[in-house]
Amino acid sequence: MRICQQEIIDFHSLPQIGITDTAKAFIGNELRGSQVVILANQCWTYCGFEISLASFAELKKEIGVRREFVVWRLWGLESIQRNCKSALAGVPVLLGKNTGQMMTMKKMMICAGMILCAAAITSAPVVRAQSANSAEQSGPYPSLEIREVTVIDGSGAPAFGPVNIFIKGNRIERVVPSDSISRKEKDEESAAKKEQKAPDRVIEGKGMYVMPGLIDVHIHINSSKDVPAEYIYKLLLGHGVTTVRTFNVGNDDPAEMVAEKKKIAANQIIAPRMYVYPFWGRGDDPRYSNPEGARQIVDEWHALGVDGVKIIGKPGLWPDVFRAIADQARKDGMGVAVHIGQDGVYPMNAVQVASEGASTIEHHYGYPESSYTNQTIQNLPPGYNYSSEPDRFLETGRSWLQADVGKLHGEVIQSLLETMHRTGFIMVPTFSIYEANRDVTRAANLPWHSTYTLPVVMDSFLPNPAHHASYFYEWTSNKEADWARAYRRWLDFVNDYKNQGGVVAVGSDTGFLFELWGFGTIRELEMLEEAGFSPLEALHAATENGAKVVKNPELGLVRQGYLADLVVLSENPLADVKVFYGNGVTRVGTDRKEVHEQCVKYTIRDGVIFDSQALLTDVREMVAKAKQTRPAQAKP
Ligand SMILES: [Zn+2]
């Protein structure tokens, strides 16, 4: 260990400006001839590409480095020390810091007895991102290699590795065990081998985990003047969500939703892959309420490029209208997602809705009603009014307490399974969104609200008859207990359905009830575990099963030929799914020392690499800025 002189430089935007400009900036700051390496997210970066330490040393030799630096962008000095101690012995370090001004150089004296690193500025090509902010986004690359990672392939298979994943453009070209490569390389140390072209980008992933990007099939992009869609998209990508099925983007206009989906597919905006299922019955078109009109609308939506229909209660649940929608959607290859509102649950309970052609049933509605043996319709208090949300959200929970549990686990599951085998029906429970009903204090005080929840979003959760699902006026222990009892039945039912062969997918319904985008998706995985899903089963629900919901046979698996939608994590999500959370995980040892880590490193969608932590940094900055002008109100 030795004390060394170090400097701070702002290289936050370095990949964006290219190598030549970088060199100029160095020269301008009297660092002529200096060589640069960027250390970000545990990877060595050479001219914007992550490379192995060995290749890095090779480059250094070739170019003849005169001075050595490490430029650090995202991590603190302690993280560098922790992760690179052995590699970085005794060389001066140049720390990069986001000061908000590109290339502002601040010389500072920092004492830190370590850190080395060498590197190089050369004329190697810099891949420019499609968006303005390429610190967050780069690619797709003609060739991308992710090296020495452990893979959880999304099929339910156990983890395996180390492997190298080769990606061409937006597709997985092959997945090869790393040790077989090194063996082969030793065997073939020939001139021909040396001439082989290096990949355009390498992610050095030793010790990391790669799995398919998460697919959240129940999303509302509740963007508005005060809630930019960018905020929602970055939260989702920052949590490893690469695909969403959404029921609205801002307003409910199907054409605008399709336009947004196309922009994402063309990499014009930073967002997850999108499937759009507009709400049925919004607006005053009378055709929504009759079978012939319904068929016309489904065809019109199909022509627009809409992927499916989202039904919530009537008019889509009038039995004749429902049959027309489901039949026409099937002919057009579209999906039908159904929220069985209590206004339509008799006679269209879950067994009925599934068998008549729903591709998914959202939430928990309609299952207990399918099991009734001493009644046909839920017993409701005489003063119940469906239009009153406090009534509605309380009594839907209580429907479980009137269920015939034996029939629920027998006939009801059997019928749903028969339908599944016939039609491909999938269950989307959305456990996490109702959690406030069983413990509103928990939901309102989640630790990430202070840094990740926009004040205007928090306001929308607080009791207000003008907002949807903001009904916690007098939410008492009695009501929470009823909901907790309902949860026990519901969790058991879904777990049993899965155990008997039923397909269950992950949907979060975030943006309501104190549930935040991204965080809610991860909470859903935790709640599947609570229900009885093993970690592999929970991740399978969010990967291959999600791909079935959006009817994309090239999605949801780490498999040759599949789309390159991946998430790269520094920790094993099978050991703890909380490693996905944007606020990171903190482990406390018996010595009471805390180690904090944010584990989602890269989210890759269609071969485009997103720096997950940079996206989340943006979100925190948006929230901090909004709070300066408008502090959040008190919580219940
Ligand atoms: Zn919803």
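Reading the values: rules and limits
- Residue positions are given per chain, counting from 1 as you read along its sequence in written order.
- The predicted origin of the model limits local features to residues at a pLDDT of at least 70 and limits the giving and counting of side-chain atom pairs to 80 or more, whereas totals for whole chains, interfaces and linings rest on all residues.
- To qualify as a helix, a DSSP run of H or I must reach at least 4 residues; to qualify as a strand, a run of E must reach at least 2; elements of each kind are numbered from the N terminus.
- Exposed residues have 12 or fewer other C-beta atoms within 10 Å of their own C-beta, buried residues have 20 or more, and partly exposed residues fall in between, where C-beta atoms are placed from the backbone.
- Note on contacts: each residue gets a C-beta atom placed from the backbone, and two residues are in contact if those atoms are within 7 Å.
- Axes here refer to lines fitted to C-alpha atoms; in helices the fit is confined to the stretch in contact. Angles between the N-to-C directions go from 0 to 180 degrees.
- Definitions for this section: a left-handed crossing has its near helix turned counterclockwise from the far helix by less than a right angle. A right-handed crossing has that turn clockwise.
- Polar here means any residue other than Ala, Val, Leu, Ile, Met, Phe, Trp, Tyr, Cys and Pro, which are nonpolar, and Asp, Glu, Lys and Arg, which are charged; Gly is therefore polar.
- Note on terminology: a nonpolar core is any set of buried Ala, Val, Leu, Ile, Met, Phe, Trp, Tyr and Cys residues joined through C-beta atoms within 7 Å.
- The span you would expect from a helix comes to 1.5 Å times its residue count less one.
- Working definition: the arc comes from the directions between the helix axis and the C-beta atoms, pointing outward to the latter.
- DSSP bridges decide pairing: two strands pair if at least two such bridges lie between them.
- When an angle is under 35 degrees it counts as roughly parallel; over 145 it counts as roughly antiparallel; between 65 and 115 it counts as roughly perpendicular; any other value is oblique.

Colleague: In this structure, what is going on with the overall build of the chain? I would like to understand it.
Modeller: A count of helical and extended segments in the chain gives 22 helices and 25 strands. Out of the 636 residues in the chain, the part that is buried amounts to 48%. The long-range share in the chain, meaning contacts at least 24 apart out of those at least 6 apart in sequence, stands at 77%.

Colleague: Could you clarify how one ought to interpret the packing of helix α6 (residues 229-238) against helix α22 (residues 612-629) in this entry?
Modeller: The description of two packed helices rests on the angle between their axes and on the distance between the axes. Interhelical geometry of α6 versus α22 gives an angle of 140° and a closest axis separation of 8 Å. Handedness of the crossing formed by α6 with α22: left-handed. Mapping the contact onto sequence places Y231, K234, L235, L237 and G238 in α6 and S612, L615, L616, D618, V619 and M622 in α22. By residue class, the composition of the contact of α6 with α22 is 7 nonpolar, 2 polar and 2 charged.

Colleague: Sorry, what's going on with the nonpolar core here?
Modeller: With 137 residues, the main nonpolar core has V210, V309, I325, V336, I340, I361 and V568 as its most contacted residues. The residues contacting I340, other than those within four sequence positions of it, are L317, V345, M348, N349, A350, V353, I361, Y365 and G366. Judged by nonpolar contacts, the second largest core, of 11 residues, contains I433, A436, F461 and F472.

Colleague: How should helix α8 (residues 291-304) be read in this particular structure?
Modeller: Each α-helix winds once per 3.6 residues, and so residues spaced three or four apart point in a common direction. Here α8 is 14 residues long and its end C-alpha atoms lie 20 Å apart, about the 20 Å a rise of 1.5 Å per residue gives. When α8 is considered as a whole, its buried residues turn out to be A294, I297, V298 and W301. Here the buried residues of α8 occupy an arc of 100° about the axis, which is enough to place them on one side. Pointing more than 90 degrees away from the buried face of α8 are the exposed residues E292, E300 and A303. Among the structural elements, α7 (254-265), β17 (308-312) and α9 (319-331) are those in contact with the buried residues of α8. At the exit of α8 stands G305, carrying a positive phi of roughly 105°.

Colleague: I keep staring at the sheet that holds strand β16 (residues 273-276) and nothing clicks. Help me out?
Modeller: Taking strand neighbours across the sheet as the criterion, the 3 strands line up as β14-β15-β16 in an open arrangement whose pairing is parallel. On the outer flanks of this sheet lie β14 (214-221) and β16, each paired with one strand and no other. With strand direction ignored, the average angle separating the axes of adjacent strands in the sheet is 30°. Strand direction decides the pairing type here: β14 and strand β15 (residues 241-249), joined by 5 bridges, are parallel.

Colleague: Is there a simple way to think about the packing of helix α19 (residues 519-531) against helix α20 (residues 535-542) in this case?
Modeller: Orientation of α19 relative to α20, taken along the N-to-C sense of each, is 135°, at an axis distance of 9 Å. The pairing of α19 with α20 is recorded here as oblique in orientation. Of the two possible hands of crossing, α19 and α20 adopt the one that is right-handed. Taking contact as the criterion, the partners of L525, L528 and E529 in α19 are, on α20, P535, A538, A541 and A542. Tallied by class, the residues present in the contact of α19 with α20 amount to 6 nonpolar, no polar and 1 charged.

Colleague: I would appreciate a short explanation of the sheet that holds strand β18 (residues 335-339) in the present structure.
Modeller: The strands making up a sheet associate through hydrogen bonds between their backbones, and the pairing can be parallel or antiparallel. In space, the 4 strands of this open sheet follow the order β17-β18-β19-β20, with parallel pairing throughout. Of all strands in the sheet, those with a lone pairing partner are β17 and β20 (426-428), marking the two edges. Shown here is a sheet whose adjacent strand axes are inclined to one another by a mean of 20°, direction ignored. Pairing geometry for β18 and strand β19 (residues 360-362), over 2 bridges, is parallel. Across the sheet, residue A337 finds its bridge partner in β19, namely T360.

Colleague: Help me understand unusual backbone geometry in this model?
Modeller: Among all residues except glycine, the phi angle is most often negative; among peptide bonds, the trans geometry is most common. Following G161, the chain continues to P162 via a peptide bond in cis, the omega torsion being 5°. With respect to the secondary-structure elements, P162 resides in strand β10 (residues 160-168). Residue P315 follows K314 across a cis peptide bond; omega there is 10°. For P315, the location among the structural elements is in the loop between β17 and α9.

Colleague: Would you take a moment to explain the environment of Y367 for this structure?
Modeller: Position of Y367 among the secondary structure elements: in helix α11 (residues 367-370). Discounting chain neighbours no more than four positions away, the residues touching Y367 are A350, L408, V412 and F493.

Colleague: Hey, could you run me through α19 in this one?
Modeller: Over its 13 residues, α19 runs 18 Å from end to end, which matches the ideal 18 Å to within 8%, given 1.5 Å per residue. Buried within α19 we find F519, G520, T521, I522, R523, E524, L525, M527, L528 and A531.

Colleague: I would appreciate a short explanation of the pairing of strand β11 (residues 171-177) in the present structure.
Modeller: Residues in a regular strand point their side chains to alternate faces of the sheet. In this structure, β10 lies alongside β11, joined through 6 bridges in antiparallel fashion. Across the sheet, residue I167 finds its bridge partner in β11, namely I172. As consecutive antiparallel partners, β10 and β11 are separated by 2 residues, and within that stretch G169 has a phi angle of approximately 60°, a positive value.

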